[in-house]
Amino acid sequence: MSTEKIVHEEKAQLDFSASMSYSDYLSLDSILNAQHPRSPAHDELLFIVQHQTSELWMKLMLHELRAAIRCIADDELASAFKMLARVSRIMEQLVHAWDVLATMTPPEYSAMRPYLGSSSGFQSWQYRCIEFALGNKNAAMLKPHAHRPELLAEVEAAWRSPSLYDEALRLLARRGLDIPADHLERDWTRPYEVSEGVEQAWLVAYRDPKNHWDIYQLGEELTDLEDAFRLWRFRHVTTVERVIGFKRGTGGTGGVSYLRKMLDVVLFPEIWKLRTDL
Ligand code: HEM
């Protein structure tokens, strides 16, 4: 049967002069007209689409992360688990996305690099909100957004709020686990400090999962998330090395040297440490 006949027989709607179409609903006119290559290079469209799609996934990630943090604060763990699982899957999706960008060779990138000016993923405000929501607080990272007060306000709000891990520890305390007081109320803009007491609290759950099942599950959801985030960082730095080697980044850092240092960031330190001590 011809596809024309199938469409006719299935009675698909074909006239959208008076009703909402797919393109209307998804605002595709805005999205598909938002790619503006600045160079004559063929590969610049790949570069733009890869970044834009990453930003869209980050938008969803932030939406889920913020809601998961609220759910943990409200003791609604089942909902939080579902959202955190989604965040991990999005992160994995972004890990696989590097395969597409890795088809870009050094000469292809060099052809458009002069047109990128000083723009860099380093200035991604959504990425910084994600890092802050995951607890990697750093006041210096507010500065690139100072020229855009509305974006600065978003990043600042994430910087001032308790992170996912901070809320997880408050939940552990509400469940009767012994979390040190200075990890329950503190200046949330400060970087997280690893604590022996926090590790001991997690260990109570990990030594007796049956009696602390949802705390144990929370620990494993956080591990999944950080695991996926580490993979993303790793694929970023290896892709960058294969494309620009050890040249400086457009954002002004040493490039690979900076990104390698970021591989050492640990978001949920006690959850990793307890694996040795268990
Ligand atoms: C060939 C492609 C890419 C190259 C050569 C590249 C290079 C770099 C470099 C050198 C940095 C360090 C900051 C700087 O000095 O610029 C950086 C940071 C960053 N890039 Fe990329 N990048 C690429 C693709 C991407 C893509 C597709 C994304 C997705 C959104 C991305 C997101 C980021 C983020 C979020 C940072 C900040 C990381 C942090 O501060 O920990 N990059 N990139």
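All figures in this text were calculated on a predicted structure; none of them were measured in a lab. (Residues numbered from 1 in each chain as written. Predicted model: local features only at pLDDT ≥ 70, side-chain atom pairs only at ≥ 80, totals over all residues. Heavy atoms only, no water.)

Visitor: What should I look at first to understand the nonpolar core in this one?
Guide: Looking at soluble globular proteins, one finds that nonpolar side chains tend to be buried together. Core analysis: the biggest nonpolar cluster contains 73 residues, and Leu 164, Trp 202 and Leu 218 have the highest contact counts within it. The element best represented in this core is helix 5 (residues 77-101), accounting for 12 residues. Leu 164 has contacts with Leu 65, Ile 69, Ile 72, Leu 84, Ala 133, Leu 134, Leu 222, Leu 225 and Phe 268, leaving out every residue within four places of it along the chain. (Core = buried A, V, L, I, M, F, W, Y, C linked by side-chain atoms within 4.5 Å. Buried < 20%, exposed > 50% of the residue type's maximum accessible area, 1.4 Å probe, protein only. Helix = DSSP H or I, 4+ residues; strand = E, 2+ residues; numbered from the N terminus. Contact = heavy atoms within 4.5 Å.)

Visitor: When you look at helix 8 (residues 149-160) in this model, what are you seeing that I'm missing?
Guide: One turn of the α-helix equals 3.6 residues, which is why residues spaced by three or four share an orientation. The terminal C-alpha atoms of helix 8, which comprises 12 residues, lie 16 Å apart, in line with the 16 Å expected from a rise of 1.5 Å per residue. By the burial criterion, the buried members of helix 8 are Leu 151, Leu 152, Val 155, Ala 158 and Trp 159. In an axial view of helix 8, the angular spread of the buried residues amounts to 125°, which keeps them on one side of the axis. Buried residues in helix 8 make contact with helix 7 (125-133). (Expected span 1.5 Å × (residues − 1). Arc of directions from axis to C-beta.)

Visitor: Got a minute to help me understand the packing of aromatic side chains in this structure?
Guide: Scanning the model with the defined rule gives 11 aromatic pairs in all. Between Trp 98 and Trp 232, the ring centres sit 5.6 Å apart and the planes meet at 50°, which makes this aromatic pair tilted. In this pair, Trp 98 sits in helix 5 while Trp 232 sits in helix 11 (residues 213-244), placing the two residues 134 residues apart along the sequence. On the accessibility criterion, Trp 232 (13% relative accessible area) is buried. (Phe/Tyr/Trp six-rings, centres within 6.5 Å; stacked < 30°, edge-to-face > 60°.)

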